[in-house]
Amino acid sequence: MSIAQKGVRVVDNKGTVQYVDTSKWFSLGNNLYNKNKTGNIGIGLDTSVIPSARLVVSNGGNSSLPPLKLQYPLSGALADSVLTWNSADSTVRKIPAGTLLNNAWLRNGNAGTNPGTFASPGPDFIGTTDAAGFVIQTNNTERLRVLSAAPTQVGVATDAPAFTTPANTGAAIPTFGVDGTINATNYTNPVQTVTGGAWDMSKGATAKWTLAAGANTLTVTNMKAGMYGSIIVTNTGTSTISFGSGTNKVINGGGGAPTLTPVAGAVDVLSFLYDGTTFWWTVGNNFN
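What counts and what doesn't
- Residues numbered from 1 in each chain as written.
- Predicted model: local features only at pLDDT ≥ 70, side-chain atom pairs only at ≥ 80, totals over all residues.
- Heavy atoms only, no water.
- Pairing = 2+ DSSP bridges.
- Helix = DSSP H or I, 4+ residues; strand = E, 2+ residues; numbered from the N terminus.
- Axes fitted to C-alpha atoms, helices over the stretch in contact; angles between N-to-C directions.
- Phe/Tyr/Trp six-rings, centres within 6.5 Å; stacked < 30°, edge-to-face > 60°.
- Buried < 20%, exposed > 50% of the residue type's maximum accessible area, 1.4 Å probe, protein only.
- Core = buried A, V, L, I, M, F, W, Y, C linked by side-chain atoms within 4.5 Å.
- Contact = heavy atoms within 4.5 Å.
- 1 Å grid on protein atoms, 1.4 Å probe; cavity = no way out; pocket = protein on both sides within 12 Å on 5 of 7 lines; lining within 4 Å.
- Points joined across faces, edges and corners; volume = space filled by probe spheres on them.
- Nonpolar A, V, L, I, M, F, W, Y, C, P; charged D, E, K, R; others polar.
- Patch = residues over 30% accessible without salt bridge, like charges linked within 9 Å, V, L, I, M, F, W, Y side chains within 5 Å.
- Areas by Shrake-Rupley, 256 points an atom, 1.4 Å probe, with all protein chains shown as cover.
- Salt bridge = Lys/Arg side-chain N within 4 Å of Asp/Glu carboxyl O.
- Lys, Arg positive; Asp, Glu negative; His and termini not counted.
- Polar contact = N/O pair within 3.5 Å; in protein donor to acceptor, adjacent residues only side chain to side chain.

This part is about the sheet that holds strand β15 (residues 191–193). Across the sheet, which stays open at both edges, the 6 strands sit in the order β15-β17-β19-β22-β23-β21 with mixed pairing between neighbours. Of all strands in the sheet, those with a lone pairing partner are β15 and β21 (247–250), marking the two edges. For this sheet, the mean inter-axis angle between neighbouring strands, taken without regard to orientation, is 25°. Sheet topology note: the strand β19 (residues 228–234)/strand β22 (residues 267–274) ladder contains 7 bridges and is antiparallel. Within β22, the position partnered with threonine 234 by the bridge is valine 267.

For the rest of this paragraph, the subject is the packing of aromatic side chains. In total, this model carries 6 aromatic pairs according to the counting rule given. Taking the centre distance of 5.1 Å and the plane angle of 50° together, the rings of phenylalanine 272 and tryptophan 281 count as tilted. Judged by its relative accessible area of 3%, tryptophan 281 falls in the buried class. Aromatic pair phenylalanine 279 and tryptophan 281: ring centres 6.3 Å apart, planes at 20°, arrangement stacked. Neither residue differs from the other here; phenylalanine 279 and tryptophan 281 are each classed as buried. Each member of the aromatic cluster is reached from another via a ring pair, and the members are Trp199, Phe243, Phe272, Tyr274, Phe279 and Trp281.

Counting residues in each nonpolar core, the largest one holds 21 residues, and the members touching the most others are Trp199, Leu218, Ile231, Ile241, Phe272 and Trp281. Listing elements by their share of this core, those giving two or more residues are β17 (206–210), β18 (215–221), β19, β20 (240–243), β22 and β23 (278–284). By residue number, the principal contributor to this core is β22, which donates 3 residues.

Mapped onto the elements, isoleucine 136 comes out in strand β9 (residues 134–138). Spatially, the C-alpha atoms of isoleucine 136 and valine 146 are 8.8 Å apart, while their sequence positions differ by 10 residues. Leave out the neighbours within four places in its chain, and isoleucine 136 touches Thr141, Glu142, Arg143 and Leu144.

Of the pockets and cavities examined, the largest pocket occupies roughly 450 Å³. Leu55, Val56, Val57, Ser90 and Val92 are, among the 14 residues lining the largest pocket, the residues nearest its centre. At 3 residues, strand β6 (residues 55–57) tops the list of elements feeding residues into the lining of the largest pocket. Here the lining of the largest pocket is composed, by residue class, of 9 nonpolar, 4 polar and 1 charged. Lining the second largest pocket, in full, are Leu68, Leu70, Gly76, Ala77, Asp80, Ser81, Val82, Leu83, Thr84, Val92 and Ala97. Broken down by element, the lining of the second largest pocket gets its largest block of residues, 4 residues, from strand β7 (residues 81–85).

If you walk across this open sheet you meet the 3 strands as β16-β18-β20, and the pairing is parallel. On the outer flanks of this sheet lie β16 (198–200) and β20, each paired with one strand and no other. Averaged over all adjacent pairs, the angle separating strand axes in this sheet is 30°, with direction ignored.

Another aspect to go through is the environment of leucine 218. Locating leucine 218 in the fold gives a position in strand β18. Look at leucine 218 and you get buried, because its relative accessible area is 1%. C-alpha separation for the pair leucine 218 and tryptophan 199, spaced 19 residues apart in sequence, amounts to 7.2 Å. What leucine 218 contacts, discounting residues up to four positions off in sequence, is Gly197, Trp199, Trp209, Ile231, Ile241, Ser242, Phe243, Gly244, Ser245 and Trp281.

Only one face of β17 is buried, namely the one carrying Ala207 and Trp209, since none of Thr206, Lys208 and Thr210 on the opposite face is buried. Here β15 runs beside β17; their pairing, made up of 3 bridges, is parallel. Looking across to β17, one finds that threonine 193 is bridged to lysine 208.

This part takes up a nonpolar patch on the surface. On the surface, Leu78, Leu100, Leu101 and Leu106 cluster together to form a nonpolar patch covering roughly 370 Å² of accessible area. The topology assignment puts leucine 101 in helix α1 (residues 99–102).

Turning our eyes to something else, we now look at the side chain of aspartate 268. Considering the arrangement of structural elements, one finds aspartate 268 in strand β22. One buried charge, aspartate 268, has no salt-bridge partner; the nearest side chain with opposite charge is lysine 208, at 17 Å. Here asparagine 285 takes part through its side chain, which lies 3.4 Å from a polar atom of the side chain of aspartate 268. A polar atom in the side chain of aspartate 268 sits 2.8 Å from the backbone nitrogen of asparagine 286. If near-sequence neighbours (up to four positions away) are discounted, aspartate 268 is found in contact with Ile231, Ile232, Val233, Leu260, Thr261, Gly284, Asn285, Asn286 and Phe287.

Take a look at the structure:
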């Protein structure tokens, strides 16, 4: 005669049927439940510890023993969630996998960023949000440093870019601190072709103009104090120039009108310096 053994049956990792103490466990359907005060389950805990969550896994204080291993997990996607662990209270939470990349700058570039403008910056940037400087390195060596103090200082291969204060302005002018040799390309200024006497300085401070016969008026626009420029003019033989903008002074007592070379095809060069109110002109005649 056989006696039925009462209890909850479980199958261990070797496929052997085991019976557990029904005073501590009970089964419902395919689920196994713990009868402790909270209904929680602990693995690797001291016997005096009541689990503080539905499942608590511990390595029992053995720092060389991982408390949890997962074998052969499924591959994931950005639409999945990932688990994070809070070291302060050991809680595990889930966040969308894509969230981890939303604020990351990727090695192969980002799309959909919003940098805004200098006057109204957007939320996306590379840099710092505190008083620390921003450093760029290559080969584990610093190459560029941007300090946080205003106005901003930028240094190449130096951690102390400086500012200068010109005596005539009293204003601090940012300098580009450099330690080493800089090879600069030749500076070029686009040569603007003037039509109808309209010289737009936003398109270039160097210009050329083939004059019409008789009277011509030169109007210079988009000016700021301290600007200067030169214009090459070609005469028809009867061409003259007057100025249509601002106050103009011409070298050698010429008042407000330059003297041109009255020869067909003659080339003259007019240059000016603008101080905010007056154009100061010099004239080079007959470059033929």
